[in-house]
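Summary of structural features
Here is how the chains run, residue by residue.
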Amino acid sequence: FTAKLLLAPPAVSGRPPTPEKARKALNAFVGFRCYYITIPIFKQWPMKKLSNLIGLLWEADPNKSLWSLMTKAWSTIRDQIGKDQAPLDHFFSLICPYLNLPDPASYLEIHGWTLSVDEEGDPTISRNIGSESAFAGTVQVDVALSVEDIITYVQSMGYATKFIPNTNATSQTFLGQSLSSSLEKNIPATAATQDSSKAVEARLLARNKRRAKRQAARDTG
């Protein structure tokens, strides 16, 4: 009897295996912090001295919905090809200038922030709400922008080339977003980048027109 027990196959549980937990999408604030922690004047202080300042910048930032869209796009890429093949800093270095978000070097000035040092040597920031600069840096709403549009652009710039888009999926995340603004200092400087941007913009506009036409057909049908 003992020998039979030893030779018997292991019992199989009727409970289905636990599915692999989905990876958590990058939080919009975390993405914002990763990009703007590189503000040049911040380099002289450790992160623990800057956490509160970054939080204040985030609370007043006018482009939170855009950061949510960008971090969702990056998370989509990461989930398929992994972080090693999709460096976050490279992603932001491509998409933030393209969408005319203020670069780290000019962010405080554009948004009307002033940095000072208190008696203990810690950094503090203040803002003149009444100044014109306090309302600058908001990217104007113009055309629909989706997660897929962002991925299309960064791939056109050579980023995450191993990522394979799901052509059968339609993004449920859209944002009215201008692809050009008066913040000319953030426009890529090279002619090659400008030409590529124009080509991608043309494709995005064509895609938006097709979507609008399909929606109109459904509404009238």
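Parameters at a glance
Residues numbered from 1 in each chain as written. Predicted model: local features only at pLDDT ≥ 70, side-chain atom pairs only at ≥ 80, totals over all residues. Heavy atoms only, no water. Axes fitted to C-alpha atoms, helices over the stretch in contact; angles between N-to-C directions. Helix = DSSP H or I, 4+ residues; strand = E, 2+ residues; numbered from the N terminus. Parallel < 35°, antiparallel > 145°, perpendicular 65-115°, else oblique. Left-handed = near helix turned anticlockwise from the far one by under 90°. Contact = heavy atoms within 4.5 Å. Nonpolar A, V, L, I, M, F, W, Y, C, P; charged D, E, K, R; others polar. Pairing = 2+ DSSP bridges. Phe/Tyr/Trp six-rings, centres within 6.5 Å; stacked < 30°, edge-to-face > 60°. Buried < 20%, exposed > 50% of the residue type's maximum accessible area, 1.4 Å probe, protein only. Lys NZ or Arg CZ within 6 Å of the ring centre and 35° of its normal.

**Some details on the packing of helix α5 (residues 88-98) against helix α7 (residues 147-156)**
It is the contact of α5 with α7, at a shortest axis distance of 10 Å, that shows an interaxial angle of 115 degrees. Taken together, the axes of α5 and α7 are roughly perpendicular relative to one another. Crossing hand, α5 versus α7: right-handed. Here Phe91, Leu94, Ile95 and Tyr98 of α5 lie close against α7, whose contacting residues are Ile150, Tyr153 and Val154. Among the residues making up the contact of α5 with α7, the classes are represented as seven nonpolar, no polar and no charged.

**Some words on the pairing of strand β2 (residues 123-127)**
Note that strand β1 (residues 113-117) and β2 share five bridges and pair antiparallel. Among the inter-strand pairings, Ser116 is bridged to a residue of β2, identified as Thr124. Between β1 and the antiparallel strand that follows it, β2, lie five residues; Gly121 among them carries a positive phi value of about 85 degrees.

**Thoughts on the packing of aromatic side chains**
Scanning the model with the defined rule gives 14 aromatic pairs in all. Ring centres of Phe32 and Trp67 lie 5.6 Å apart, and the angle between their planes is 80 degrees; this geometry places the pair in the edge-to-face category. In this pair, Phe32 is assigned in helix α2 (residues 28-36) and Trp67 in helix α4 (residues 64-81), connecting sequence segments 35 residues apart. Between Tyr35 and Trp67, the ring centres sit 5.9 Å apart and the planes meet at 50 degrees, which makes this aromatic pair tilted. With Tyr35 in helix α2 and Trp67 in helix α4, this pair connects stretches of sequence that are 32 residues apart. By relative accessible area, Tyr35 is classed as buried at 11%. What makes Trp67 buried here is its relative accessible area of 0%. Taken together, Phe29, Phe32, Tyr35, Tyr36, Trp58, Trp67, Phe91, Phe92, Tyr107 and Tyr159 form an aromatic cluster joined through their ring pairs. Over the face of the ring belonging to Trp58 we find Lys64, whose NZ or CZ atom lies 5.5 Å from the ring centre.

**A look at the packing of α2 against α4**
Viewed as axis vectors pointing N to C, α2 and α4 meet at an angle of 90 degrees, and their least axial separation amounts to 8 Å. Of the possible angle classes, the one that applies to α2 and α4 is roughly perpendicular. For the pair formed by α2 and α4, the contact residues are Ala28, Gly31, Phe32, Tyr35 and Tyr36 on the first element and Trp67, Ser68 and Thr71 on the second. By residue class, the composition of the contact of α2 with α4 is five nonpolar, three polar and no charged.

**Considering unusual backbone geometry**
The backbone of Asn100 sits at a positive phi, close to 60 degrees, despite the residue not being glycine. Among the secondary structure elements, Asn100 is positioned in the loop between α5 and α6 (107-110).

**Focus on α7**
Buried within α7 are the following residues: Val147, Asp149, Ile150, Ile151, Tyr153 and Val154. Of the residues one or two after α7, Gly158 is the one with positive phi, at around 90 degrees.

From the geometry alone we can't say anything about function, so treat these as descriptive.
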